[in-house]
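Topology and contacts: notes
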Amino acid sequence: MEPTMIILAVLGLCILIYAIVLQIKLSEQSKSIKDMDRINQQKLREVEEQIAIQKKEALLFAKEALHEQREEFEREVKSRRNEIVKLEDKLAQREDKIENKIQELTDKEEAYNKKMDELYEKEDILADLVQKQTEELQRVSCMSQEEARNILLQQIDKDLTHEYAVKIRENEERIKQDAEIKAREIIGNCMQRCAIEHVIESSVSVVSLPNDEMKGRIIGREGRNIRALETSTGVDLIIDDTPEAVVLSCLDPVKREIARTALETLIADGRIHPVRIEEVVEKSRKQIEQKMQKEGENAAAQLGIVNLHPELIKLLGRLYFRTSYGQNVLTHSLEVGHLSGMIATEFGIDPEIAKRAGLLHDIGKAVDQTQEGTHIQLGVELARKYGEKEQIVHAIEAHHDDIPANTMEANIVKIADAMSAGRPGARRDTLEIYIKRIQKLEEIATSFEGIKRSFAVQSGREVRVIVEPTIVNDDMSVKLARDIANRIESELDYPGQIRVTVIREVRNTEVAK
């Protein structure tokens, strides 16, 4: 054979062998594909079975939950029904009780009406008897009913006057021990906190405005600016028809000064809104605190007082904004300190203690508007708290005679305080008002029957009444003093207290010849 034929035969054989091998691989792949299809179908059937099982379980669970909810609902309905039945039973019982009570009240009302009828009958009988007895008594006594009544009333009035005087004396003796202390506490609190004739001018500040349009800006949209200012300062802003002015009202002079300073700053700046208000108020508060510190230090330096506690210096600075009857309390304290030092020097006593006590004698007024108690009690507490000597504490406590002054320094401070407060022009109590009060006191005293003369002494702090001894006896004098005091309390406004002294004097004169 030729070589070409051999090569072709070999190639054909190779191709045949490759085709056979390829056929075998294709058959194997087809078989594996069929196996995979069978496996996938088997898995698919398993998944479908699991899904069917889960559906059955979910359906069963839902049925069980629904059954439980239904049972729970039925139990609750049954419980509610039982409660309603019980309430109906209770209401029925209450209705029965109410009907029984109504019946009882009806029976009682009938019995009451019967008794009232009987009483009316007895009253008519008694009235007839009283009329007969009255006529018989008038016949026997030879007096009319009106004359007998007047005599009886006179006797009763005389007896009551005597008993009234006795009761007054007994009560005065019984309450004498603690009445003075309590009266001073009450009067002190009222005078310091509620002095009517000075409240307005010592609790109000007026801030001038450039124009009336500024009032609207201070109020702000829906009042937010004025609310922010009042909340930040604790001061009431009164915006009324007063032209180009706003009134600040607060009993605390420091808060009022902070509000005034802040408002003036806001008006000058022109930016008025809640955030700016809070910033300016805080800045003003710091400025006032610095001013109080400076004023306290200056006051101590003027008197040459050293080693004062920092808190006492700050409280002295607060007195710079405090007034009493129009008199600046810090100026008054400095004046008392200077006077105390001069008087102590004249007596040969250490002036340092006297000046220190004089400066601190009204320190309680720095906090008396925010704390309970008189300015004396608060001053004593502050002095002891911040380490002042007992001599200083005693002088503070005794400068208004709350306790007896047992040291020379205490007496000096008391005298200096009276001198500073009583000098002409120190306080807003004009001569005309003073004279009118004295005249009114004497008029009230002499308006009662049996008064011979009356005198207002001790600058109107005491009224001495001289009575006619033949008209007013000892018992009547006690009642007269109480009546005059009550009338003074009701008709006059005055600081402190007024003592009423009734003097009944009997003089018998005989001439020896």
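Residues numbered from 1 in each chain as written. Predicted model: local features only at pLDDT ≥ 70, side-chain atom pairs only at ≥ 80, totals over all residues. Heavy atoms only, no water.

1. Structural notes on the pattern of salt bridges
Once the charged atoms of two side chains with opposite charge are near each other, the side chains can pair. Throughout the structure, instances matching the rule amount to 17 salt bridges. The salt bridge partner of Lys440 is Glu491, with a shortest N-O separation of 3.8 Å. Taken as a pair, Lys440 in helix H14 (residues 431-446) and Glu491 in helix H15 (residues 474-491) lie far apart in primary sequence, 51 residues in all. When its relative accessible area of 31% is taken as the criterion, Lys440 is described as partly exposed. (Salt bridge = Lys/Arg side-chain N within 4 Å of Asp/Glu carboxyl O. Helix = DSSP H or I, 4+ residues; strand = E, 2+ residues; numbered from the N terminus. Buried < 20%, exposed > 50% of the residue type's maximum accessible area, 1.4 Å probe, protein only.)

2. So, the packing of helix H10 (residues 351-360) against helix H12 (residues 390-398)
To describe two helices that pack against each other, one gives the angle between their axes and the distance between the axes. Direction vectors running N to C along H10 and H12 enclose 45°, while the axes themselves pass 9 Å from each other. Accordingly, the angle class assigned to the pair H10 and H12 is oblique. Judged by the twist between their axes, the crossing of H10 over H12 is right-handed. Contacts between H10 and H12 involve Ile353, Arg356, Ala357 and Leu360 from the first element and Gln391, Ile392, Ala395 and Ile396 from the second. Classifying every residue of the contact of H10 with H12 gives six nonpolar, one polar and one charged. (Axes fitted to C-alpha atoms, helices over the stretch in contact; angles between N-to-C directions. Parallel < 35°, antiparallel > 145°, perpendicular 65-115°, else oblique. Left-handed = near helix turned anticlockwise from the far one by under 90°. Contact = heavy atoms within 4.5 Å. Nonpolar A, V, L, I, M, F, W, Y, C, P; charged D, E, K, R; others polar.)

3. Notes on a positive patch on the surface
Taken together, Lys86, Lys90, Arg94, Lys97 and Lys101 make up a surface patch of like positive charges. With respect to the secondary-structure elements, Lys86 resides in helix H1 (residues 3-141). In this structure Lys86 comes out as exposed when scored by relative accessible area, which is 55%. (Patch = residues over 30% accessible without salt bridge, like charges linked within 9 Å, V, L, I, M, F, W, Y side chains within 5 Å. Areas by Shrake-Rupley, 256 points an atom, 1.4 Å probe, with all protein chains shown as cover. Lys, Arg positive; Asp, Glu negative; His and termini not counted. Charge placed at Lys NZ, Arg CZ, Asp CG, Glu CD.)

4. Here we look at the packing of helix H6 (residues 253-269) against helix H7 (residues 274-302)
Where H6 meets H7, the closest approach of the two axes is 8 Å, and the angle between their N-to-C directions is 130°. Of the possible angle classes, the one that applies to H6 and H7 is oblique. Between H6 and H7 the crossing geometry is right-handed. Residue-level inspection shows Val254, Glu257, Ile258, Thr261, Ala262, Thr265, Leu266 and Asp269 of H6 in contact with H7, the latter providing Arg276, Ile277, Val280, Val281, Ser284, Arg285, Gln287, Ile288 and Met292. For the contact of H6 with H7, a count of residues per class yields nine nonpolar, four polar and four charged.

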